[in-house]
Amino acid sequence: MNATPGHAPVKSIMPKWVRNPQEFVGGIALMAIAAFALWASSDLQGMRGFSFGAGTAPRMFAFLLFGLGALIAVVGVVTEGPHLAKYHWRGPFFVTVAILTFAFTIRPMGMIFAAMASFLIAACGTPETRWTETLIVAVCLTTFCALLFPYALGLPLQLLPTFMIR
C-alpha cells in the first residue's frame, strides 16, 4: 500500500540496489564527462619531470571529476533519495540558442545588439519570465558590458553593427 493517498507507486528503471536514482545518474554523468575529457586530452603532451605539458591540467581535472562522480554515484547507492525527476528541455534549449546567437551576432551586429538579443532569448527559457523586469535587467547588463569590456578592460570590441559605423 502507498503512504500517499491518490498517488500511484513510482515505477523506476533503476535496479533495486540504487536507492537514490538522481545522485546515481548524476554521478554516472560526471564520470562520462570525465571519460570524454580524458579521451579528448589523450593526444596532448603530459607532464615531464617538473614541467607541465598542455594535457596535464585537463587530465588532472578529469581524474578529479571522475573521482567525484564515483563518490556521488556511491552516495546514490547507499542513501535513500528521490526518484528521477522529469527533465525539462526548455531552459537548456533557449540558453543554447542564446549562446549561439551571441556567437554569430557579436561581429556583424556588435556587442550591444548581441548581448541584448542573447539575454532576451535566454529569458525565454522559463515560463516565469516577467518581461518588464527582464527588459530593465537586459538594458542594465548590456550597458554594463558596453562600458566594462571596451573602456574599463580596454578590449577592442565593436559596440554597434558594422552598417552603422561606416
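First, a word on what this report is: a plain description of the structure on this page. A quick note: this is a predicted structure, and the numbers were derived from the prediction, not measured. (Residues numbered from 1 in each chain as written. Predicted model: local features only at pLDDT ≥ 70, side-chain atom pairs only at ≥ 80, totals over all residues. Heavy atoms only, no water.)

## Some details on the packing of aromatic side chains
And then number 1: Under the definition given, this model contains three aromatic pairs.
And then number 2: Plain terms: the ring middles of Phe36 and Trp39 are 5.7 Å apart, the flat faces sit at 40° to each other, and that makes the pair tilted. In this pair, Phe36 and Trp39 both sit in helix 1 (residues 21–40), three residues apart, roughly one turn of the helix.
And then number 3: Among the residues examined, Trp39 registers a relative accessible area of 60% and is labelled exposed. (Phe/Tyr/Trp six-rings, centres within 6.5 Å; stacked < 30°, edge-to-face > 60°. Helix = DSSP H or I, 4+ residues; strand = E, 2+ residues; numbered from the N terminus. Buried < 20%, exposed > 50% of the residue type's maximum accessible area, 1.4 Å probe, protein only.)

## As for the nonpolar core
And then number 1: Ile106, Met111, Ala114, Ala146 and Leu159 form the largest nonpolar core, which has five residues in total.
And then number 2: Broken down by element, this core gets its largest block of residues, three residues, from helix 3 (residues 90–123).
And then number 3: When residues no more than four places from it in sequence are discounted, the contact partners of Ala114 are Phe102, Thr105 and Ile106. (Core = buried A, V, L, I, M, F, W, Y, C linked by side-chain atoms within 4.5 Å. Contact = heavy atoms within 4.5 Å.)

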